[in-house]
Amino acid sequence: MKKIILSGFLCLTFTASAQKEYFSIIGKTFVEEHIVPDHTTTSPLGGGTYIRVKEIPTRGWLADAEGYFRIDSLRRGKYHLTFSYIGLEPVDTALFIGNDVDLKITLSNLSISTPQLSLILPEKEICEVLKRTFWTKYGIRGSFYTKESLQDKSQRMTALGYFHEVRKNRIIFDYLDTKYGYSWRYEAPKGIIGLDETLDTYEIFTR
């Protein structure tokens, strides 16, 4: 299911709008997904959303790491936009541009998948953590960032991106608490974002 929220910048007067020759679409992309079974969550969609405008076939736009995008220099008229992200169903929308526009687009991934916790670990420890029976016992998977790749920027995580990883992990924490009680917390490997209090996030974001 796609969601589109559209609003004009009401601070512009009709006279000023009529005199403008070019307009902008400024917006943000979101993803709607099942982080855990029977629970739908909407959160900003990180970098990778590709935007095409049918009336401007020679150009494309990418949303940034926090989901924001901007399309400038649009003349008054009707435009057809397509938002694509690998693994998600594209969203198509048509807009009549007669003013600057604020646009919010939600792409959906509502397939039921195994809950996936995000971790930060030294590269040498990942194989050992993956071998633990914790994952099969509690029916979850792990998605890994390595400390080395975050520090040399080969993997990227902004402070806002870290906040979203904490938010998603906490939804899984609540799911595990409800299903298994608190025992899983004592068996959890180190490095789980939002659970491991020893993670040095200051070092990650300042190097």
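Residues numbered from 1 in each chain as written. Predicted model: local features only at pLDDT ≥ 70, side-chain atom pairs only at ≥ 80, totals over all residues. Heavy atoms only, no water.

*Asks:* Teacher, can you tell me more about the overall build of the protein here?
*Replies:* Per the secondary structure count, the protein includes seven helices and eleven strands. Looking at the protein as a whole, 42% of its 207 residues qualify as buried. Working note: accessible area of the protein is about 12000 Å², and carbon and sulfur atoms make up 53% of it. (Helix = DSSP H or I, 4+ residues; strand = E, 2+ residues; numbered from the N terminus. Buried < 20%, exposed > 50% of the residue type's maximum accessible area, 1.4 Å probe, protein only. Areas by Shrake-Rupley, 256 points an atom, 1.4 Å probe, with all protein chains shown as cover.)

*Asks:* Can you help me understand the nonpolar core in this one?
*Replies:* Nonpolar side chains tend to gather and get buried jointly when the protein is soluble and globular. Core analysis: the largest hydrophobic core is formed by 22 residues, its most contacted members being Ile25, Phe69, Ile71, Leu81, Phe83 and Leu103. The set of elements that each furnish at least two residues to this core consists of β2 (23-36), β4 (50-53), β6 (68-74), β7 (77-84), β8 (91-97) and β9 (101-109). The leading source of residues in this core is β9, at four residues. (Core = buried A, V, L, I, M, F, W, Y, C linked by side-chain atoms within 4.5 Å.)

*Asks:* Sorry, what's going on with the environment of Val31 here?
*Replies:* Position of Val31 among the secondary structure elements: in strand β2. A relative accessible area of 6% means that Val31 is categorised as buried. Placed ten residues apart in sequence, Val31 and Thr41 show a C-alpha to C-alpha distance of 8.1 Å. Apart from the residues lying within four places of it in its own chain, the contact partners of Val31 are Thr41, Thr42, Ser43, Pro44, Leu45, Leu88, Thr106 and Leu107. (Contact = heavy atoms within 4.5 Å.)

*Asks:* What should I look at first to understand the pattern of salt bridges in this one?
*Replies:* Pairs may arise between side chains of opposite charge once their charged atoms sit close together. This structure, assessed with the given rule, holds seven salt bridges. For Lys20, the salt bridge goes to Asp100, with nearest N and O atoms at 3.0 Å. With a gap of 80 residues between them, Lys20 in the loop between α1 (14-19) and β2 and Asp100 in the loop between β8 and β9 connect regions that are remote in the sequence. The residue Asp177 makes a salt bridge to Arg185 at a minimum N-O spacing of 2.8 Å. (Salt bridge = Lys/Arg side-chain N within 4 Å of Asp/Glu carboxyl O.)

*Asks:* In this structure, what is going on with the sheet that holds β4? I would like to understand it.
*Replies:* By definition, the strands of a sheet pair up through backbone hydrogen bonds, in either a parallel or an antiparallel sense. Pairing within the open sheet is antiparallel, and its four strands lie in the order β5-β4-β7-β8. The open sheet terminates on both sides in strands that have one partner only, identified here as β5 (60-62) and β8. Shown here is a sheet whose adjacent strand axes are inclined to one another by a mean of 25°, direction ignored. (Pairing = 2+ DSSP bridges. Axes fitted to C-alpha atoms, helices over the stretch in contact; angles between N-to-C directions.)

*Asks:* What is the right way to read the packing of aromatic side chains from this model?
*Replies:* Each aromatic ring pair is summarised here by two numbers: the centre-to-centre distance and the angle between the ring planes. In total, this model carries six aromatic pairs according to the counting rule given. When the ring of Phe134 is compared with that of Trp135, the centres are 5.2 Å apart and the planes differ by 85°; the resulting orientation is edge-to-face. Each member of the pair, Phe134 as well as Trp135, is classed as buried. Arranged with centres 4.8 Å apart and planes meeting at 85°, the rings of Tyr138 and Tyr180 form a pair that is edge-to-face. Taken as a pair, Tyr138 in helix α3 (residues 134-138) and Tyr180 in helix α5 (residues 159-180) lie far apart in primary sequence, 42 residues in all. The exposure class of Tyr138 is buried, given its relative accessible area of 3%. Judged by relative accessible area, which is 29%, Tyr180 ranks as partly exposed. Following the ring pairs from residue to residue traces out a cluster consisting of Phe134, Trp135, Tyr138, Phe144 and Tyr180. (Phe/Tyr/Trp six-rings, centres within 6.5 Å; stacked < 30°, edge-to-face > 60°.)

*Asks:* Would you take a moment to explain the confidence of the model for the protein for this structure?
*Replies:* Detailed reading of the predicted model is not advised wherever pLDDT is low. Predicted confidence across the protein gives a mean pLDDT of 85, with 86% of residues reaching 70 or more. Within the model, pLDDT remains below 50 along residues 8-15, and this stretch shows eight contacts once partners closer than five positions in the same chain are excluded. (pLDDT = per-residue confidence, 0-100.)

*Asks:* Which parts of the structure should I look at to understand unusual backbone geometry?
*Replies:* Here the phi dihedral of Ser73 falls at roughly 60°; this positive angle occurs in a residue that is not glycine. Mapped onto the elements of the fold, Ser73 is located in strand β6. Classification of Ser73 by relative accessible area gives exposed; the value is 55%.

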